[in-house]
Amino acid sequence: MKQRIDGVAPPYPPETDRALHRWMPPGVAHEPLMLFKVLERHPELASRMRALGSGLLVHGTLSDADRELVIARVCARCGCAYEWGVHMAAYAEAAGLTRRQVALTVTGTPDDPSWSPRQAALLRAVDELHATSRLTDAVWSGLRDHLDETEALEFLVLAGWYRTIAYVANGAEIEPEPWALALPER
């Protein structure tokens, strides 16, 4: 696979360097992600995307555990090895996902006993959105048993946002980060 859009490369002009570092969480030792370098080929689009992406990642109402589970499942369902691998390497452990659960985001079902009822409801909702772009009343009700209205709305945006990110990463065939986890076979 050859990456279809090259990311910006160092030495970066000062404005690009600042933009790339705004994408990265504070204190991260890694170079800016290739996804961000690719997006910086279109700086205006990148700046608009950064506002929503960082808002969901840092300022959301969903717990870290809920957020990372949703991201992992969306990326897994989209076959987005790039973003799945980055998030599972960077955030899964801190979010409290076990190694088994990380693998199950790709290979498991919501009915697996490894999931709490809340996690199972999130997974069912991601799976149904992925399959139909809708939620049945039963899945919505199951989700709302665990999420308040604000969290449910954020869940919908989060799932859609990471589907968008999966389209970008998969469509541009962005090469995996060297430190990211490999997506398990489904």
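All figures in this text were calculated on a predicted structure; none of them were measured in a lab.

Side note on the overall build of the chain
Logical step 1: In terms of regular secondary structure, the chain is built from nine helices and zero strands.
Logical step 2: Going from N to C terminus, the chain has its helices and strands arranged as α-α-α-α-α-α-α-α-α.
Logical step 3: Taken along its principal axes, the extent of the C-alpha atoms in the chain is 50 × 35 × 30 Å.
Logical step 4: Within the chain, buried positions represent 45% of all 186 residues.
Logical step 5: Here the contacts in the chain between residues at least 6 apart in sequence split such that 67% fall between residues at least 24 apart.
Logical step 6: For the chain, the exposed surface amounts to about 9900 Å²; the carbon and sulfur share of it is 55%.
Logical step 7: Positive and negative charge centroids in the chain, built from 19 and 25 side chains respectively, lie 3 Å apart.

Some words on the nonpolar core
Logical step 1: In terms of nonpolar packing, the biggest core is built from 54 residues, with Val-70, Tyr-82, Trp-84, Phe-155 and Tyr-162 touching the most fellow members.
Logical step 2: It is helix H9 (residues 149–171) that contributes the most residues to this core, nine residues altogether.
Logical step 3: Apart from residues no more than four positions distant in its own chain, Tyr-162 is found in contact with Leu-57, Ile-71, Val-74, Cys-75, Glu-83 and His-87.

Quick notes on the packing of helix H3 (residues 43–58) against H9
Logical step 1: Between H3 and H9, whose axes approach to 11 Å, the crossing angle comes to 130°. Looking at the two axes, H3 sits oblique to H9. Handedness of the crossing formed by H3 with H9: left-handed. Seen from H3, the contacting residues are Met-49, Leu-52, Gly-53, Leu-56 and Leu-57; seen from H9, they are Glu-154, Val-157, Leu-158, Trp-161, Tyr-162 and Ile-165.
Logical step 2: Class assignment of the residues belonging to the contact of H3 with H9 gives a composition of nine nonpolar, one polar and one charged.

Let's talk about a nonpolar patch on the surface
Logical step 1: A cluster of nonpolar side chains, Leu-52, Trp-140, Leu-153, Leu-156 and Val-157, forms an exposed patch at the surface whose accessible area comes to about 400 Å².
Logical step 2: The element that contributes the greatest number of residues to the nonpolar patch is H9, accounting for three residues.
Logical step 3: Along the chain, Leu-153 falls in helix H9.
Logical step 4: Given a relative accessible area of 54%, Leu-153 falls into the exposed group.

Digging into the pattern of salt bridges
Logical step 1: What the rule picks out here adds up to eleven salt bridges.
Logical step 2: Between Arg-4 and Glu-173 there is a salt bridge, and its shortest N-O distance comes to 3.1 Å. Taken together, the positions of Arg-4 in the segment before helix H1 (14–23) and Glu-173 in the segment after H9 put the pair 169 residues apart, joining distant regions of the chain.
Logical step 3: One salt bridge in this structure joins Arg-67 and Glu-68, with 2.8 Å as the shortest N-O distance. Residue Arg-67 shares its accessibility class with Glu-68, and that shared class is buried.
Logical step 4: Residues joined by salt bridges that share partners form a network here, namely Asp-64, Arg-67 and Glu-68.

About the criteria used
- Residues numbered from 1 in each chain as written.
- Predicted model: local features only at pLDDT ≥ 70, side-chain atom pairs only at ≥ 80, totals over all residues.
- Heavy atoms only, no water.
- Helix = DSSP H or I, 4+ residues; strand = E, 2+ residues; numbered from the N terminus.
- Buried < 20%, exposed > 50% of the residue type's maximum accessible area, 1.4 Å probe, protein only.
- Contact = heavy atoms within 4.5 Å.
- Areas by Shrake-Rupley, 256 points an atom, 1.4 Å probe, with all protein chains shown as cover.
- Lys, Arg positive; Asp, Glu negative; His and termini not counted.
- Charge placed at Lys NZ, Arg CZ, Asp CG, Glu CD.
- Core = buried A, V, L, I, M, F, W, Y, C linked by side-chain atoms within 4.5 Å.
- Axes fitted to C-alpha atoms, helices over the stretch in contact; angles between N-to-C directions.
- Parallel < 35°, antiparallel > 145°, perpendicular 65-115°, else oblique.
- Left-handed = near helix turned anticlockwise from the far one by under 90°.
- Nonpolar A, V, L, I, M, F, W, Y, C, P; charged D, E, K, R; others polar.
- Patch = residues over 30% accessible without salt bridge, like charges linked within 9 Å, V, L, I, M, F, W, Y side chains within 5 Å.
- Salt bridge = Lys/Arg side-chain N within 4 Å of Asp/Glu carboxyl O.

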